[in-house]
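# An overview of the molecular structure
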Amino acid sequence: MSRQPYRLSPELAWVEAEDGGREDHIVWIARLDTAELFELAGSAWLVWSLLTDGFTDASAIEREIAELEMTVDFGEGGLDAFLAALEAQGLILREI
């Protein structure tokens, strides 16, 4: 799997549960071009938060997760497969 940097799709709007006063680690994302809605929670929320904070490649995300002493589990495909799924859903774009 390529470790190229990603960027957020420009056709998105999102809101974090914390923005609404909730303590949940959830983000709701809307694709403005297709009106599709997504909900990311737990580890998926953490990765999304890191992407929005400027951690744009899998290696940087993995380093920050280790620095935070957190554990994420995306199954056999790992973080790369999760990022590929976000890309396939049009939420992130691979930098060329």
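In the block above lies the structure referred to throughout.
Nothing here was measured: the structure is a model prediction, and the numbers come from that model.

We now examine the packing of aromatic side chains. Under the counting rule described, the total for this entry stands at 2 aromatic pairs. Measuring from centroid to centroid gives 5.6 Å for Trp14 and Trp48, while their planes differ by 85°, and the two rings are edge-to-face. Of this pair, Trp14 sits in strand S2 (residues 12–16) while Trp48 sits in helix H1 (residues 43–52); the two residues are 34 residues apart in sequence, bridging distant segments of the chain. Judged by relative accessible area, Trp14 falls into the partly exposed class, the value being 36%. Judged by relative accessible area, Trp48 falls into the buried class, the value being 0%.

The subject of this paragraph is the nonpolar core. Grouped together as the largest cluster of nonpolar side chains are 22 residues, with contacts concentrated most on Ile29, Val47, Trp48, Leu51, Ile61, Leu83 and Leu86. No other element matches the 7 residues that H1 contributes to this core. With residues up to four places along the chain from it excluded, the contact list for Leu83 reads Tyr6, Val47, Leu51, Ala58, Ile61 and Ile92.

This part takes up the pattern of salt bridges. By the definition in use, this model includes 4 salt bridges. With a closest N to O distance of 2.8 Å, Asp33 and Arg31 form a salt bridge. You can call Asp33 partly exposed: its relative accessible area is 44%. Measuring nitrogen to oxygen at the nearest pair gives 2.7 Å for the salt bridge that ties Arg94 to Glu87. Linked through salt bridges whose partners overlap, the residues forming this network are Arg31, Asp33 and Glu36.

What counts, and where the lines are drawn
Chains are numbered independently. Their residues run from 1 in the order of the written sequence. Reporting in this predicted model follows two pLDDT cut-offs: at least 70 for local features of residues, and 80 or more for side-chain atom pairs to be given and counted; totals over whole chains, interfaces and linings ignore these cut-offs and use all residues. Neither water nor hydrogens contribute to the side-chain values; these are computed over all heavy atoms in the structure. Pairing of aromatic side chains here covers Phe, Tyr and the six-membered ring of Trp, requires ring centres within 6.5 Å, and sorts the geometry by plane angle: under 30 degrees stacked, over 60 edge-to-face, intermediate tilted. The numbering of helices and of strands both runs from the N terminus, where a helix is a DSSP run of H or I of at least 4 residues and a strand a run of E of at least 2. To sort residues, take the accessible area from a 1.4 Å probe on protein chains only and compare it with the maximum for the residue type: under 20% means buried, over 50% means exposed, and anything in between is partly exposed. In plain words, nonpolar cores are sets of buried Ala, Val, Leu, Ile, Met, Phe, Trp, Tyr and Cys residues tied together by side-chain atoms within 4.5 Å. Any two residues having at least one pair of non-hydrogen atoms within 4.5 Å are treated as being in contact. What counts as a salt bridge is simple: a side-chain nitrogen of Lys or Arg found within 4 Å of a carboxyl oxygen of Asp or Glu.

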